[in-house]
Amino acid sequence: VQLVESGGGLVQPGGSLRLSCAASGFTFSTYAMRWYRQAPGKERELVATITSAGGSTSYADSVKGRFTIFRDSAKNTVNLQMNSLKSEDTAVYYCNLQRTLRTITYDYWGQGTQVTVSS
């Protein structure tokens, strides 16, 4: 399994960014995918989830209405469109796959991409 995030950077408050996660090494279309983030000194938190077929999504309350998760099964990517960014969105953002094999659940992570919201 390989997950490679891209698209992070420095943006002013109120701005937008789109993160992308390129996935390989597994059958992408059969797994739900998630975005997490971790701010300095804080625990990693779940930001958004999308089901395997993309028909259902869920979001942390802190990003609801501002962030949109979507997937492109032709390109094996899961993306996070982030609008109306706030300083508190500053964090390293991680793409995540959870896969259960013989009753054991494994977490796979990308290397992360830094998002900094600052004027």
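Chains are numbered independently. Their residues run from 1 in the order of the written sequence. Given that this is a predicted model, residues contribute local features only at a pLDDT of at least 70 and side-chain atom pairs are listed and counted only at 80 or more, while totals for whole chains, interfaces and linings are drawn from all residues. Note that the side-chain values use all heavy atoms of the structure and ignore hydrogens as well as water.

## A few points about the environment of Ile 50
No. 1: Secondary structure elements are defined from DSSP: runs of H or I of at least 4 residues count as helices, runs of E of at least 2 residues count as strands, and each element is numbered from the N terminus. Position of Ile 50 relative to the elements: it lies in strand 5 (residues 45-50).
No. 2: Along the chain, Ile 50 and Thr 68 lie 18 residues apart, while their C-alpha atoms are 9.7 Å from each other.

## A few points about the pattern of salt bridges
No. 1: For salt bridges, the criterion is a side-chain nitrogen of Lys or Arg within 4 Å of an Asp or Glu carboxyl oxygen. Under the definition given, this model contains 4 salt bridges.
No. 2: Among the salt bridges present, the one from Arg 37 reaches Asp 89, with a minimum N-O distance of 2.9 Å. Of this pair, Arg 37 sits in strand 4 (residues 33-38) while Asp 89 is found in the loop between strand 8 (77-82) and strand 9 (91-101), placing the two residues 52 residues apart along the sequence. Considered together, Arg 37 and Asp 89 belong to a single accessibility category, that of buried residues. Only protein chains enter the accessibility calculation, which uses a 1.4 Å probe; a residue is then buried when its area is under 20% of its type maximum, exposed when over 50%, and partly exposed in between.

## Let's talk about the state of the cysteines
No. 1: The criterion for a disulfide is a pair of cysteine sulfur atoms lying within 2.5 Å. Scanning the model with the defined rule gives 1 disulfide in all.
No. 2: Cys 21 shares a disulfide with Cys 95; S-S distance 2.2 Å. Disulfide Cys 21-Cys 95: the torsion about the S-S bond is -80°, which places it as left-handed. Here Cys 95 lies in strand 9 and Cys 21 lies in strand 3 (residues 17-24), a separation of 74 residues in the sequence. As far as burial versus exposure is concerned, Cys 21 and Cys 95 are alike and both buried.

## Section: the pairing of strand 4
No. 1: Among the 6 residues of strand 4, 5 are classified as buried, and the element is accordingly described as predominantly covered.
No. 2: By the bridge criterion, 5 bridges tie strand 4 to strand 5 in an arrangement that is antiparallel. Along strand 5, the bridge assignment pairs Tyr 36 with Leu 46.
No. 3: Strands are treated as partners if at least two bridges between them are detected by DSSP. Hairpin geometry of strand 4 and strand 5 is characterised by an intervening segment of 6 residues between the two adjacent antiparallel strands and by a positive phi of about 80° at Gly 41.

## As for the side chain of Thr 49
No. 1: Mapped onto the elements, Thr 49 comes out in strand 5.
No. 2: The class of Thr 49 is buried, set by a relative accessible area of 13%.

## Structural notes on unusual backbone geometry
No. 1: Residues other than glycine seldom take positive phi values, yet Asn 76 does so here, at roughly 55°.
No. 2: With respect to the secondary-structure elements, Asn 76 resides in the loop between strand 7 (67-72) and strand 8.
No. 3: Phi at Arg 102 takes a positive value of approximately 50°, unusual for a residue other than glycine.
No. 4: Summarising the element assignment, Arg 102 is placed in the loop between strand 9 and strand 10 (104-109).
No. 5: Its relative accessible area of 82% is what places Arg 102 among the exposed residues.

## Concerning the sheet that holds strand 3
No. 1: Taken in spatial order, the 4 strands make up an open sheet running 1-3-8-7, and their pairing is antiparallel. Strands with a single pairing partner mark the edges of an open sheet, and in this sheet they are strand 1 (2-6) and strand 7. Pairwise comparison of adjacent strand axes, ignoring direction, gives a mean angle of 15° for this sheet.
No. 2: Relative to strand 8, strand 7 is paired through 6 bridges, and the arrangement is antiparallel. By the bridge assignment, Phe 70 is partnered in strand 8 with Asn 79. To get an axis, a line is fitted to the C-alpha atoms, and for a helix only the part in contact is used. The angle between two axes follows their N-to-C directions and goes from 0 to 180 degrees.

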